[in-house]
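# Fold and geometry: a report
One-letter residues, chain by chain:
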Amino acid sequence: MTRGNAAELVRKAGDPQRATFLELFFDLVFVLALTQLSRDLAADLGWTGAFRALVLLGAMWWVWSSTAWLTDRTDPQRPLIQALVIATMVGSLVMAAAVPEAYGDTGLIFAGAYVVIQLGRGLALVAFLHGRKLQRIGMRGLFWYGLSALPWIAGALVPGTARSALWAVAVVLDHTAGRIGFPTPGAGRSPSQDLVISGEHLAERHQQFFIIALGDMILVTGLALGDGGFTPDGVAAFAVSIATTVLLWRIYIYRAGQVLAEAIAVSADPVRLAGSASYAHLTMVAGVVATAVGAELVIANPLGHTPPAWIAVILGGPALYLAGRARFEHAVFGRVSWSRPVGILALAALAPAMFLLPPVVVAAAAALVLIGIAGADAARGNPSEPPSPPR
């Protein structure tokens, strides 16, 4: 590819910055991925299961996040970029399909697909972006993804705790390398000016992924209702779950979710702000996945005994979501509304009293806390406060 053709692959200042249909198409894979994760966690609801689910979520998120970054810097209308995104989508679909047995028979398939996605994309950037800044970023990525491939593949070849530990090391390695600019011997780290981003595009991509997470909760809720046979108590639990889903959406969009693009545009360090917002979204998505697990359990057994692990996801899922939402708000406005930490404390305070109550009542209590937060937002109206990211 000539230098001129390489330049055509990179987004230009005047190019459209909205997310494309190709990216929405790519996101469809993650409906399956998140549903697989939530159902896998429901089947192994304990500290080990939660840790394993978090590792898999970290891997899936990094594939999605790095793809969002790729389409932010390159022109997704170009056939080569489209081919890269579609190839990543196929690899992500293989990873999602392998999730239920990732710590069993399909471990090598999950890890292998992840490694092929990351190394293959880096090789393509190096090969086709000759002389561009993205080529240097691709070379740094190849170095780090080559390093993380070792614990990914080694973990797939050993069972049990060793696999969990090695994969956790690999996920931390990849995320840390990305956060610090992929410092590479002889090449240094990627300077922030090489990571210039479009606030409008990245904001829209994160909003879309959050909707995908809510889609997982709706899917799990609907499937659980169908499996339960539409009993009156199951329908009541279904209603609580749908109300919770709507409240999570409403709390998300209140101001910070609406003005992220503007916040990135006015930030003194847009790359750092985008990174902070990205991990806030990862935390919120993890909270939604845990909440979906709780919804599935409640609809299946709304009036039975509520084990401690169930209380942990029914109340802990919304609490984790609120923690991510608080971080998101701080990234955009440099402050946190009092209702977020108060909501987390209220959910924690409710936990001891929930052991004697049936699951549907526990879920309703969590929904009431969310109603209080959404109500506090509504009482404030829709202020015209401009974004003021921390410096």
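These figures come from a predicted structure and were not determined experimentally.

Glancing now at the overall build of the protein. Of the regular secondary structure elements, the protein holds 14 helices and zero strands. Each helix and strand of the protein, ordered N terminal to C terminal, gives the series α-α-α-α-α-α-α-α-α-α-α-α-α-α. The C-alpha atoms of the protein give 21 Å as radius of gyration, which agrees with the globular expectation for 391 residues (21 Å, within 12%). If one aligns the C-alpha atoms of the protein with their principal axes, the spans along those axes are about 70 × 55 × 35 Å. Put simply, the protein has 391 residues, and 53% of those count as buried.

Inspection of every chain in the model, using the stated rule, returns two cavities of 30 Å³ or more. Considering only enclosed or pocket space, the largest cavity measures out at about 110 Å³ in volume. Along its surface, the largest cavity is lined by 14 residues, and Thr244, Thr291, Ala295, Ile314 and Ala363 are the ones closest to its centre. Taken together, the elements giving at least two residues each to the lining of the largest cavity come down to helix 9 (232-253), helix 11 (270-300), helix 12 (308-333) and helix 14 (359-379).

Let us now look at the environment of Ala127. Mapped onto the secondary structure, Ala127 falls in helix 5 (residues 107-128). Of the residues examined, Ala127 reaches a relative accessible area of 49% and is grouped as partly exposed. Between the C-alpha atom of Ala127 and that of Gly138, which follows or precedes it by 11 residues, the distance is 9.3 Å.

This paragraph deals with a nonpolar patch on the surface. A surface patch of nonpolar side chains, amounting to about 300 Å² of accessible area, comprises Ile86, Val90, Val94 and Ile109. Ranked by residue count, the leading element in the nonpolar patch is helix 4 (residues 79-98), at three residues. With respect to the secondary-structure elements, Val90 resides in helix 4. The exposure class of Val90 is partly exposed, given its relative accessible area of 46%.

On to the nonpolar core, then. Side chains of a nonpolar character, in soluble globular proteins, are inclined to be buried together. Within the largest apolar cluster, 114 residues are counted, with the highest numbers of intra-cluster contacts made by Phe30, Phe110, Trp152 and Trp167. Considering each element in turn, this core owes the most residues, 17 residues, to helix 11. Residue contacts for Phe110: discarding those within four places in its chain leaves Leu56, Ala59, Met60, Met95, Ala98, Val99, Ala102, Trp152 and Trp167.

Glancing now at the packing of aromatic side chains. Throughout the structure, instances matching the rule amount to 15 aromatic pairs. Of note, Arg52 hangs over the ring of Tyr103, and the distance from its end group to the ring centre comes to 4.7 Å. Directly above the aromatic system of Phe333 lies the positively charged group of Arg335, at a separation of 4.7 Å from the ring centroid.

With respect to the helices and strands, Asp216 occurs in helix 8 (residues 199-228). One buried charged side chain, Asp216, makes no salt bridge at all; its nearest oppositely charged neighbour is Arg39, positioned 7.6 Å away. Non-local contacts of Asp216, meaning those with residues more than four positions away in its chain, are made with Leu34, Thr35, Ser38, Val289 and Ala292.

Next up on the list: the pattern of salt bridges. Scanning the entire structure with this criterion turns up eight salt bridges. Ionic pairing is found between Asp27 and Arg205, a salt bridge with its closest N-O pair at 2.8 Å. A residue pair is termed long-range when its members are at least 10 positions apart, and Asp27 in helix 2 (residues 21-43) and Arg205 in helix 8 qualify at 178 residues. For Asp27, a relative accessible area of 1% puts it in the buried group. Between Arg340 and Glu329 there is a salt bridge, with the nearest N and O atoms lying 3.8 Å from each other. One end of the pair, Arg340, is in helix 13 (residues 339-350); the other, Glu329, is in helix 12, and 11 residues separate them in sequence. Neither residue differs from the other here; Arg340 and Glu329 are each classed as buried.

Cut-offs and rules
- Residues numbered from 1 in each chain as written.
- Predicted model: local features only at pLDDT ≥ 70, side-chain atom pairs only at ≥ 80, totals over all residues.
- Heavy atoms only, no water.
- Helix = DSSP H or I, 4+ residues; strand = E, 2+ residues; numbered from the N terminus.
- Rg over C-alpha atoms; globule rule 2.2 N^0.38 Å.
- Buried < 20%, exposed > 50% of the residue type's maximum accessible area, 1.4 Å probe, protein only.
- 1 Å grid on protein atoms, 1.4 Å probe; cavity = no way out; pocket = protein on both sides within 12 Å on 5 of 7 lines; lining within 4 Å.
- Points joined across faces, edges and corners; volume = space filled by probe spheres on them.
- Patch = residues over 30% accessible without salt bridge, like charges linked within 9 Å, V, L, I, M, F, W, Y side chains within 5 Å.
- Areas by Shrake-Rupley, 256 points an atom, 1.4 Å probe, with all protein chains shown as cover.
- Salt bridge = Lys/Arg side-chain N within 4 Å of Asp/Glu carboxyl O.
- Core = buried A, V, L, I, M, F, W, Y, C linked by side-chain atoms within 4.5 Å.
- Contact = heavy atoms within 4.5 Å.
- Phe/Tyr/Trp six-rings, centres within 6.5 Å; stacked < 30°, edge-to-face > 60°.
- Lys NZ or Arg CZ within 6 Å of the ring centre and 35° of its normal.
- Lys, Arg positive; Asp, Glu negative; His and termini not counted.

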